[in-house]
Amino acid sequence: MKNKSLWWIRVPALFFLIFGLMEYFIDSGKQPAIIAYPITQFFMAMVLIILIAIELILSAIENVMFQTLSEEAKERYLVTKTEKWEWQWGKKVYKKMLGSKPMEAESEIVLDHNYDGIRELDNKLPPWWVYMFYASIVFAIIYMLRFHVFNDYNQITEYEQEVAEANMAIEEYKKTAKDLVDESTVVLLADAGDLSAGKKIFESNCVACHMADGGGGIGPNLTDQYWILGGGIKNVFHTISEGGRDGKGMIAWKQTLKPAEIAQVASYVLQEINGKTPANPKAPDGDIWVDPNAAAPATEIQEQVTDSTSVVMN
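Keep in mind the model is a prediction, meaning the values are calculated, not measured.

1. Comments concerning helix H8 (residues 192-205)
With 14 residues, H8 should cover 20 Å at 1.5 Å per step; its first-to-last C-alpha distance of 20 Å lies within 8% of that length. Every buried residue of H8 is accounted for by Asp194, Leu195, Gly198, Ile201 and Phe202. For H8, the angular spread of buried residues about the axis comes to 120°, placing them on one side. Opposite the buried face of H8, by more than 90 degrees, sit the exposed residues Ala192, Lys200 and Ser204. For H8, the secondary structure elements touched by its buried residues are helix H9 (207-210) and helix H11 (259-273). If you check the start of H8, you find a side-chain oxygen 2.9 Å away from the backbone N of Gly193, and it comes from Asp191.

Shown next, in the form of structure tokens:
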């Protein structure tokens, strides 16, 4: 007996259902589980083989049982197998929406027009087309009243609103997207995880020139307050990213390190190395850098107050 069951639909459907459940329940980060864990490829291959084997077994059982039936039962079974399920309600709705006459009643709407034996039927417009036409009229009236009578809003206003929403979404995204940081937006990081990551980057890439304690070797001393290209997180970020002085400075690390990694190692240098006492410090290079945005020291303010007082007394 020929098996007419839709195995070619069941097998792929079950296979992709199991595949989707596997991807949903296995935490593989940004990568698909089937790539992150190669064992899952073997698992899915076994699932496919088992599904095909089940279909073959069911088909064999069906054939064996069919052979045990009487001739009359075989005929009834074959008739049942060939019957197709029909959605009666949907079929009726389809015919009603189509609005055409059945072929048996076409003689009622035949026109007298005859073109070389081709006769014309006077079919009505399909109801679905008529309903859509009425709906378009209602839509046009509402649109005219809203935008041309009551002046709800125009395309320029809508565009400006969408641009403002998009800019807000971009700003929110930038707050969590570390790799979008640059020298104008970078801030000094204080999180222990960022500083630990910065330390690993420093030990992997920077100790050859600056020593492990930052005392300096081929490169300048990072522990003092002297900076060749300026201190502070923005200047240090720029120096690491773009490199030092042409011909004799540090290479540009922007091709090797991500912006987030540059921010981490720059913060590590400023938070954990700068201001410490190295074992063998190199002589200062550059000039003392003073943060122009920093508040004036309290001693300086006190001196100014003392001077102004002395002037008044004199």
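Having seen the structure, we can now continue with the description.
2. Digging into helix H7 (residues 155-176)
With 22 residues, H7 should reach 32 Å at 1.5 Å per residue; the first-to-last C-alpha distance of 32 Å fits that figure. At the N-terminal end of H7, a side-chain oxygen is found 3.2 Å from the backbone nitrogen of Ile156, two or three residues along, and the residue is Asn154.

3. Remarks on the nonpolar core
Formed by 22 residues in total, the largest nonpolar core has its most connected members in Phe202 and Ile240. At the level of elements, H8, helix H10 (232-242) and H11 are the ones that each hand at least two residues to this core. It is H11 that contributes the most residues to this core, eight residues altogether. In this structure, Phe202 is in contact with Val207, His210, Met211, Ala212, Leu222, Val265, Tyr268, Val269 and Ile273, ignoring residues within four places of it in sequence. Of all hydrophobic cores here, the second largest spans six residues; its members include Phe15, Met22, Met44 and Val47.

4. Observations concerning the side chain of Gln264
Along the polypeptide, Gln264 turns up in helix H11. On the accessibility criterion, Gln264 (12% relative accessible area) is buried. Dropping the residues within four chain positions of it, Gln264 is found in contact with Leu189, Asp194, Ala197, Gly198 and Ile201.

5. What to know about the layout of surface pockets
Space inside the largest pocket adds up to approximately 680 Å³. The wall of the largest pocket is formed by 32 residues, among which His210, Gly219, Pro220, Thr239 and Met250 lie closest to the centre. Among the secondary structure elements, those contributing two or more residues to the lining of the largest pocket are H8, H9, strand S3 (226-227), H10 and H11. Of the residues assigned to the lining of the largest pocket, the class counts are 20 nonpolar, eight polar and four charged. Taken as a whole, the second largest pocket spans an internal volume of roughly 330 Å³. Contributing to the lining of the second largest pocket are 16 residues, with Lys174, Ala177, Lys178, Val181 and Thr185 lying nearest its centre. Here the residues of the lining of the second largest pocket are counted per class, giving eight nonpolar, three polar and five charged.

Reading the values: rules and limits
Position numbers for residues start from 1 in each chain and track the written sequence from start to end. With the structure being a predicted model, the display of local features is reserved for residues of pLDDT at least 70 and the display and counting of side-chain atom pairs for 80 or more, all residues being used for whole-chain, interface and lining totals. Heavy atoms from the whole structure form the basis of all side-chain values; hydrogens and water molecules are not counted. Strands are runs of DSSP state E lasting at least two residues, helices are runs of H or I lasting at least four, and both sets are numbered from the N terminus onward. Helices are assigned an expected span. That span is 1.5 Å times one less than the residue count. When a residue's accessible area, from a 1.4 Å probe over protein chains only, is under 20% of the maximum for its type it is buried; when over 50% it is exposed; and in between it is partly exposed. This arc corresponds to the set of directions leading from the helix axis out to the C-beta atoms. Two residues qualify as a contact provided that any one of their heavy atoms is within 4.5 Å of a heavy atom in the partner residue. What qualifies as a polar contact is a pair of N or O atoms within 3.5 Å, subject to a donor-acceptor requirement within protein and to the restriction that residues adjacent in sequence count only when both atoms come from side chains. Definition of nonpolar core: a set of buried residues of the types Ala, Val, Leu, Ile, Met, Phe, Trp, Tyr and Cys, connected through side-chain atoms within 4.5 Å. Using a 1 Å grid laid over the protein atoms alone, points where a 1.4 Å probe fits but cannot get out form a cavity; open sets with protein on both sides within 12 Å along at least 5 of 7 lines form a pocket; any residue with an atom within 4 Å of a point counts as lining. Grid points are joined across faces, edges and corners, and a volume is the space filled by probe spheres set on the points. Residues are grouped as follows: Ala, Val, Leu, Ile, Met, Phe, Trp, Tyr, Cys and Pro are nonpolar; Asp, Glu, Lys and Arg are charged; every other residue, Gly included, is polar.

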